[in-house]
Amino acid sequence: MAVAPRLFGGLCFRFRDQNPEVAVEGRLPISHSCVGCRRERTAMATVAANPAAAAAAVAAAAAVAEDREPQHEELPGLDSQWRQIENGESGRERPLRAGESWFLVEKHWYKQWEAYVQGGDQDSSTFPGCINNATLFQDEINWRLKEGLVEGEDYVLLPAAAWHYLVSWYGLEHGQPPIERKCGPVIWRLIEDTGIGQACEVCRDESGMPRWIDHFGSHKDLECTPSPRTGLVLRTARERFLVEPQEDTRLWAKNSEGSLDRLYDTHITVLDAALETGQLIIMETRKKDGTWPSAQLHVMNNNMSEEDEDFKGQPGICGLTNLGNTCFMNSALQCLSNVPQLTEYFLNNCYLEELNFRNPLGMKGEIAEAYADLVKQAWSGHHRSIVPHVFKNKVGHFASQFLGYQQHDSQELLSFLLDGLHEDLNRVKKKEYVELCDAAGRPDQEVAQEAWQNHKRRNDSVIVDTFHGLFKSTLVCPDCGNVSVTFDPFCYLSVPLPISHKRVLEVFFIPMDPRRKPEQHRLVVPKKGKISDLCVALSKHTGISPERMMVADVFSHRFYKLYQLEEPLSSILDRDDIFVYEVSGRIEAIEGSREDIVVPVYLRERTPARDYNNSYYGLMLFGHPLLVSVPRDRFTWEGLYNVLMYRLSRYVTKPNSDDEDDGDEKEDDEEDKDDVPGPSTGGSLRDPEPEQAGPSSGVTNRCPFLLDNCLGTSQWPPRRRRKQLFTLQTVNSNGTSDRTTSPEEVHAQPYIAIDWEPEMKKRYYDEVEAEGYVKHDCVGYVMKKAPVRLQECIELFTTVETLEKENPWYCPSCKQHQLATKKLDLWMLPEILIIHLKRFSYTKFSREKLDTLVEFPIRDLDFSEFVIQPQNESNPELYKYDLIAVSNHYGGMRDGHYTTFACNKDSGQWHYFDDNSVSPVNENQIESKAAYVLFYQRQDVARRLLSPAGSSGAPASPACSSPPSSEFMDVN
């Protein structure tokens, strides 16, 4: 049979099992999820087509059956029957061997036999009787088997010895022939060269000897077992088709639906891989640029030009395309790709022998293989940039938090990736249970060695060898003084930054004097302070007593919140617009008190709605709201109007005499009754009598809003008719809807809206002046953040701290949870030390990014003062590190961008990776406020990699010279 696989280049195989007596073909549908897993074997057996031979076989079988019927052996005990058929050397659980015979038994009869022997009663009614395979035959003349019979569903297979036992004990149904099958060796036959790849099939020749038969007809003997491992298939195919040792290959299986499934695990047998007879197997060879031919079917086109296809550059100097907010992933990958020993591990294919496909905590080797593909492409030297689409999909498949294209943290992805690579490459195939033991007074050296050995018993991979260290954890109970000492492994250090206890807030101060413009102030206040601390700080700038200040958060022309003095400053975010008003009273009205009442006031403008007749008017807020102090002894609507006119006098023009003279005597007579503005259910603020305020629906002639003592009506004597510039209306706290004018409701929530007609606002309201403000001298003040040394962060990491209430420690002595003190110390350091600077701070009320400059050395970072394990003074390189990569984050909490500085392991030059852009940089550009994750390499490891025995590539030290300064790019 010839098959021409034209999906992509590779080597194709086909399985066939031939038997000179009975042809056996199989069909197993294989899905993507089942490749590499053991499946039930399926077979369809047919008797030879020669009728004479079939009749002779039937007659012979009948004669044998007749001879055996009267010679039934005495039935042994039921337990003995079970052992001989199921578990003995001749039982059905034994493996298949080439050349031996196996027999088919109808499953229903076999299950009844099982129930009989397991029941323990030889006189039971479940006695199965003679073996009856009638349901397996299509007819009882030629005894042709039915098509599509499935092992485990229709029949079971028994070795010859077990079959003869059952026949001797129970007999075979009269006239039925035994259904015998022989096992044979497997070989591979090359049947076609397609020009893209070679198609092969598995078969057996007439002699039963396994042979290679190429397309020219020559024969070559091949040693092969009846069920070889897929790794042997791959190795044999590589030999036969002269694949170079340095070339990477992998196997695919074409399933019944026509799609291709990877054969990941090369340590399982062909049978366990669930490969069916006649199935197409394809060997794929990696291209020189590190990509697979099959990748063209699954990933987006790189859109490489002809120049790119012939591109040859420095290995490792390769960008990664941003797929949409994936700069965090690109940054983490570039850092990890420039870890010399890990990259060499993948480039030299060491990972292939350590892939762990059966680790329940792993990703079935898929993350490791996806990362290996990425490394091989980046270090092939044939790409300026690559598209990490396959890797992104793999990460999203196994970690749903990274699905989609939202922004994420590069350190979080790095943590997931290191853990995933470790589990996929874990050399421990079956993890044993290890009980964690406390020190219990034993020496630290003994406890640490025990903890590390226990860790290695369950975790042994290249990630552990490269990135894992050990620190000592000491917990002390505050009540009983019990001390608990444990040693725990770590993969990276998350070190805190020294945090300033001060913060800077920008506020606007609104004085009561209307002639003064609002003032912008920049205040330095304690982070854990209260609103009263803000008022005290502002008082030093303005000379106004803190008791005469009220703090408000203004948002969208309304009061979002009015703060109390005892509220924490942490409730104010940096992005909030904070206004501080000078007042002479308080909002809450206290009965019997003579204090002024502070009234919140909004500004609104009437706008005609899009109505057919323009009869409906909407109201829109504008400007900044006010907090107006009103005394208790004057509280008419006219008085409030006068107070507001005074407070707005800086940017509201008073009407002149011509404007005040209406010229209509009749209208004057009518307005004599309603010259005082006030609330009205109909929208007009007119009272039935001059002294009354409010509508004529029974509202008292006095409103609950009071006038300032110094602002009587004498300042604006009503000697003649005045033109009202605006109307007043009680509203809710949002200022968006009118309230009822019942005294109780108004008194409970005294918000007033100043409603302007568009023409009046345009004529008398100066918007430019209203928005004007002045900057206080303190606005130019910038709180200098002194840079901190990396060593200070590490010292802070090893400082004693008290556990939080959300994370108490259970004291085994007190038998209860305690807020114990905890101290971490470094005991053993890894080859590659990852230091995560905790720049992102989260509290209940705020989230901020610390942009403190951390000064970190590029060479000779000395950890000898932090490691408490007895040190080897003869080898100081065990405690000194050189920088090899930095993950940077630019921006704030809600948005930002990740980039990478990395030192090439071959050239020793530093480069700046910004997604698909790569540029050389100078060492003095590496240190910046954006540094987020630091990668350090231990110096003794760098020396080892430099030696000829350490690496064929002879990577250079990060301390090597940098490129010419003329090529540097300014990344700061």
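The following paragraphs examine the structure supplied in this document. (Residues numbered from 1 in each chain as written. Predicted model: local features only at pLDDT ≥ 70, side-chain atom pairs only at ≥ 80, totals over all residues. Heavy atoms only, no water.)

## Focus: unusual backbone geometry
The following threshold applies: Only DSSP runs of H or I covering at least 4 residues are called helices, and only runs of E covering at least 2 are called strands; the numbering of each starts at the N terminus. Summary of the burial criterion: residues with accessible area below 20% of their type's maximum are buried, those above 50% are exposed, and those between are partly exposed, where the area comes from a 1.4 Å probe applied to protein chains only.
Even without glycine at this site, S556 takes up a positive phi of about 55°. On the secondary structure map, S556 appears in the loop between β21 (549-555) and β22 (558-562). What makes S556 partly exposed here is its relative accessible area of 39%. Although it is not a glycine, D860 adopts a positive phi angle of roughly 60°.

## As for the pattern of salt bridges
Stated precisely, the cut-off is as follows: Put simply, a salt bridge is a Lys or Arg side-chain nitrogen that is within 4 Å of an Asp or Glu carboxyl oxygen.
Scanning the entire structure with this criterion turns up 36 salt bridges. A salt bridge links D248 to R286, with the shortest nitrogen-to-oxygen separation between them at 2.9 Å. With D248 in the loop between α5 (230-240) and β11 (249-254) and R286 in the loop between β13 (280-285) and α6 (295-298), this pair connects stretches of sequence that are 38 residues apart. A residue is classified by how much of its surface remains accessible, and D248, at 9% relative accessible area, is buried. Within this structure, E354, R427, K456, D460 and D465 form a network of salt bridges that share partners.

## Some thoughts on a negative patch on the surface
As a reminder, the rule being used: Surface patches are defined over residues having more than 30% relative accessible area and no salt bridge, joining like charges when they lie within 9 Å and nonpolar side chains (Val, Leu, Ile, Met, Phe, Trp, Tyr) when within 5 Å. Where accessible areas are quoted, they stem from the Shrake-Rupley method and a 1.4 Å probe; at the residue level, only the protein chains shown are allowed to cover. By the counting rule applied here, Lys and Arg register as positive and Asp and Glu as negative, while His and the ends of each chain are not counted. Here the site of a charge means atom NZ of a Lys, CZ of an Arg, CG of an Asp or CD of a Glu.
Side chains of E792, E795, E855, E865 and E927 sit close together on the surface and give a patch of like negative charge. Checked against the element boundaries, E927 lands in the loop between β44 (917-920) and β45 (931-938).

## Considerations on the sheet that holds strand β32 (residues 801-802)
Let me state the cut-off plainly: The rule for pairing is simple: two strands pair if DSSP sees at least two bridges between them.
With antiparallel pairing, four strands are arranged side by side in an open sheet as β17-β16-β35-β32. Two strands in the sheet have a free side with no partner beyond their single neighbour: β17 (483-490) and β32. In the sheet, strand β16 (residues 469-476) pairs with strand β35 (residues 821-828) via seven bridges, with the strands oriented antiparallel. Bridge assignment links V476 to a residue of β35, and that residue is T821.

## Observations concerning the environment of G529
We apply this condition: Residues are treated as being in contact if the distance between any of their heavy atoms lies within 4.5 Å.
Relative to the elements of secondary structure, G529 occurs in the loop between β20 (519-526) and α15 (531-542). A relative accessible area of 6% places G529 in the buried class. For the pair G529 and L569, spaced 40 residues apart in sequence, the C-alpha separation works out to 5.6 Å. Setting aside residues no more than four positions away along its own chain, G529 makes contact with P568 and L569.

## Describing helix α3 (residues 107-119)
Here is the rule: Expected span, for any helix, means 1.5 Å times one less than how many residues it has. By the criterion applied in these results, polar contacts are pairs of N or O atoms within 3.5 Å in which, for protein atoms, one can donate a hydrogen and the other can accept it, and in which residues neighboring in sequence qualify only through two side-chain atoms.
Taking 1.5 Å of rise per residue, the 13 residues of α3 would be expected to cover 18 Å, and the 18 Å separating its terminal C-alpha atoms lies within 8% of that figure. At its buried positions, α3 is contacted by α2 (78-87), β4 (101-106), β5 (155-159) and α4 (160-170). Measuring from the side-chain oxygen of the N-cap residue of α3 to the backbone nitrogen of H108 gives 3.0 Å; that N-cap residue is E106. Looking one or two places after α3, you find G120, whose phi comes out positive at around 85°.

## Considerations on the nonpolar core
In plain terms, the rule: Among buried residues, the Ala, Val, Leu, Ile, Met, Phe, Trp, Tyr and Cys ones that are joined through side-chain atoms within 4.5 Å form a nonpolar core.
Membership of the largest hydrophobic core comes to 54 residues, with the highest contact counts inside it found for L336, F346, Y371, F467 and F935. At eight residues, helix α10 (residues 366-378) tops the list of elements feeding residues into this core. Setting aside residues no more than four positions away along its own chain, F467 makes contact with L336, V339, L342, L418, F490, C491, P830, I832 and I834. Membership of the second largest hydrophobic core comes to 37 residues, among which are L493, V495, V886 and W910.

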